[in-house]
Amino acid sequence: MDEVEGVVNGTFDYMELKGDTGPLVYPAGFVYIFMVLYFITGYGANVQLAQYIFAAIYLITLLLVFRIYDRTQKVPPYVFFFMCCASYRIHSIFILRLFNDPVAMAILYGAVNLFLDNHWSLGCFFFSLAVAVKMNILLFAPGLLFLLLWEFGLMKTIPKLTICAVVQLILGLPFLLSNPAGYITRAFDLGRQFLFKWTVNWRFLPEEIFLNRNFHVSLLVAHLVVLLLFAVYRWNKSQQSILSLLKDPSQRKEPTQKLTDNQIISVLFTSNFIGVAFSRSLHYQFYVWYFHTLPYLLWSTKVKKLAHLLKVLILGLVELSWNTYPSTVYSSISLHVCHLIILMHLWYTCSFSSETDAEFKTKEVQRKKKK
């Protein structure tokens with residue numbers, strides 16, 4: 001409220017906008033949404049009303065996520081209990097802390113639903129709108145770029161990317177006219193330094209290593225390498241080079257199959273998860289970045305019944321790590337171990353199959369009958 005109050009009072013220079021928690025470091029979409037909340041809640045005084053609004057955002061998020069899971073048919077119904085009722089931290093982020101992270105993720109899940117319905121242009125509009133609320137949404141961008149190239153080729157992808165760029169330009173225009181360099185460096189600051197005391201994932205490291213720029217560069221390189229490996233060897237299901245995606249689908253050597261719901265979700269959710277796993281620092285509110293995607297990432301493959309218990313255990317350990325405050329050496333190591341298991345699980349179990357569980361079971365029955 002302090003940060004957007006400066007805009008209400010006529011200040012559009014991002015270098016001068018700040019609050020008790022520090023300078024304004026979110027894009028323009030955040031300013032507009034929280035400015036609306038500012039006026040609705042009596043200049044930020046009516047906290048309970050804000051909590052009711054965020055409770056509604058929480059329910060809308062669940063509905064959007066449930067629709068995604070209903071379309072993919074991968075996750076057993078009992079897992080939804082953990083998604084709705086078993087996370088104290090997620091409820092805290094939405095209802096007690098009133099962060100902008102849940103707002104950005106709600107808009108993102110809306111965009112994902114539009115992609116599933118084959119509304120790619122409108123989906124890109126909402127995707128860019130989510131980026132304008134918080135920059136973490138860009139972790140989905142590599143996956144989205146891959147999907148757009150697969151579906152349309154380079155030339156027809158450019159208009160979709162233009163939609164994303166125009167949204168950012170229009171929303172940021174008042175601030176760009178005032179101080180363009182200040183807006184870009186503050187709202188999209190990729191090199192921002194995080195405080196060691198708030199880190200959830202790197203607590204086991206000495207603080208000097210955590211703050212070291214070489215460590216940050218190493219994580220970025222690892223992030224990009226893993227993304228490239230997944231794009232080339234896991235997301236690309238055709239027999240052609242990944243560079244063939246630059247061509248129009250009609251001009252490729254072999255016909256490109258239409259993307260299935262599971263392929264769209266797998267690519268997007270995995271792209272985001274890789275970004276989270278190699279993040280320079282995770283703060284407690286960042287849990288919402290990937291919490292609702294974890295069940296799909298864990299259950300998107302065919303497994304024996306015993307493995308379901310192991311996956312529930314992983315969900316529990318991830319939740320425990322995020323609920324340990326302040327974070328400890330053991331909680332941060334536990335979180336990294338869980339992330340590594342999920343990442344290896346995605347790599348080795350071919351989670352990008354387009355089959356639903358029902359289709360897989362049908363094939364299994366037919367195979368047994370043949371025997």
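I will try to describe carefully the structure that is included in this document. (Residues numbered from 1 in each chain as written. Predicted model: local features only at pLDDT ≥ 70, side-chain atom pairs only at ≥ 80, totals over all residues. Heavy atoms only, no water.)

1. With respect to the overall build of the protein
Secondary structure assignment for the protein yields 16 helices and two strands. Across the 371 residues that make up the protein, the buried fraction comes to 51%. Long-range pairs, those at least 24 residues apart, make up 76% of the contacts in the protein with a sequence separation of at least 6. Side-chain charges in the protein split into 32 positive and 21 negative, and the spacing between the mean points of these groups amounts to 12 Å. (Helix = DSSP H or I, 4+ residues; strand = E, 2+ residues; numbered from the N terminus. Buried < 20%, exposed > 50% of the residue type's maximum accessible area, 1.4 Å probe, protein only. Contact = heavy atoms within 4.5 Å. Lys, Arg positive; Asp, Glu negative; His and termini not counted. Charge placed at Lys NZ, Arg CZ, Asp CG, Glu CD.)

2. What to know about the packing of helix α11 (residues 213-235) against helix α12 (residues 261-277)
In a pair of packed helices, the angle between the axes and the distance between the axes together describe the arrangement. Running from amino to carboxyl end, α11 crosses α12 at an angle of 160°, the nearest separation of the two axes being 10 Å. When the interaxial angle is binned, α11 and α12 end up roughly antiparallel. Handedness of the α11/α12 crossing: right-handed. Contact with α11, carried on its side by His 223, Val 226, Leu 227, Phe 230 and Trp 235, involves Val 267, Thr 270, Ser 271, Ile 274 and Gly 275 of α12 and no other residues of that element. Considered class by class, the residues forming the contact of α11 with α12 number six nonpolar, four polar and no charged. (Axes fitted to C-alpha atoms, helices over the stretch in contact; angles between N-to-C directions. Parallel < 35°, antiparallel > 145°, perpendicular 65-115°, else oblique. Left-handed = near helix turned anticlockwise from the far one by under 90°. Nonpolar A, V, L, I, M, F, W, Y, C, P; charged D, E, K, R; others polar.)

3. Thoughts on the pattern of salt bridges
According to the stated counting rule, one finds six salt bridges in the structure shown. Put simply, Lys 258 and Glu 151 hold a salt bridge, and the shortest N to O gap is 2.5 Å. Of the two residues, Lys 258 sits in the loop between α11 and α12 while Glu 151 sits in helix α8 (residues 141-178), which places them 107 residues apart along the sequence. Residue Lys 258 is classed as exposed on the basis of its relative accessible area of 57%. Accessibility expressed as a relative area gives 10% for Glu 151, which makes it buried. Of the charged contacts in the structure, one is a salt bridge between Lys 156 and Asp 248, with a shortest N-O distance of 3.6 Å. Of this pair, Lys 156 sits in helix α8 while Asp 248 sits in the loop between α11 and α12, and the two are 92 residues apart along the sequence. Linked by salt bridges that have partners in common, Arg 67, Arg 71, Asp 117 and Asp 261 make up one network. (Salt bridge = Lys/Arg side-chain N within 4 Å of Asp/Glu carboxyl O.)

4. Description of the state of the cysteines
Going through the model one piece at a time under the given rule, you end up with zero disulfides. Cys 124 takes part in no disulfide bond, and the closest cysteine sulfur, belonging to Cys 164, lies 4.4 Å away. In this structure Cys 124 comes out as buried when scored by relative accessible area, which is 0%. (Disulfide = S-S within 2.5 Å.)

5. Points about the packing of α8 against α12
At a minimum axis distance of 7 Å, the contact between α8 and α12 shows a crossing angle of 150°. Viewed along their axes, α8 and α12 adopt a mutual orientation that is roughly antiparallel. Counted together, Pro 142, Gly 143, Leu 144, Phe 146 and Leu 147 of α8 and Gln 263, Ile 264, Val 267, Leu 268 and Ser 271 of α12 form the full contact between these two elements. Among the residues forming the contact of α8 with α12, the class breakdown is seven nonpolar, three polar and no charged.

6. What about the packing of aromatic side chains?
The full count for this structure, using the stated rule, is 36 aromatic pairs. An angle of 90° between the planes, with centres 4.8 Å apart, marks the rings of Tyr 14 and Tyr 183 as edge-to-face. A residue pair is termed long-range when its members are at least 10 positions apart, and Tyr 14 in the loop between α1 (2-8) and β1 (18-19) and Tyr 183 in helix α9 (residues 180-187) qualify at 169 residues. Exposure remark for Tyr 14: the relative accessible area of 0% places this residue in the buried category. (Phe/Tyr/Trp six-rings, centres within 6.5 Å; stacked < 30°, edge-to-face > 60°.)

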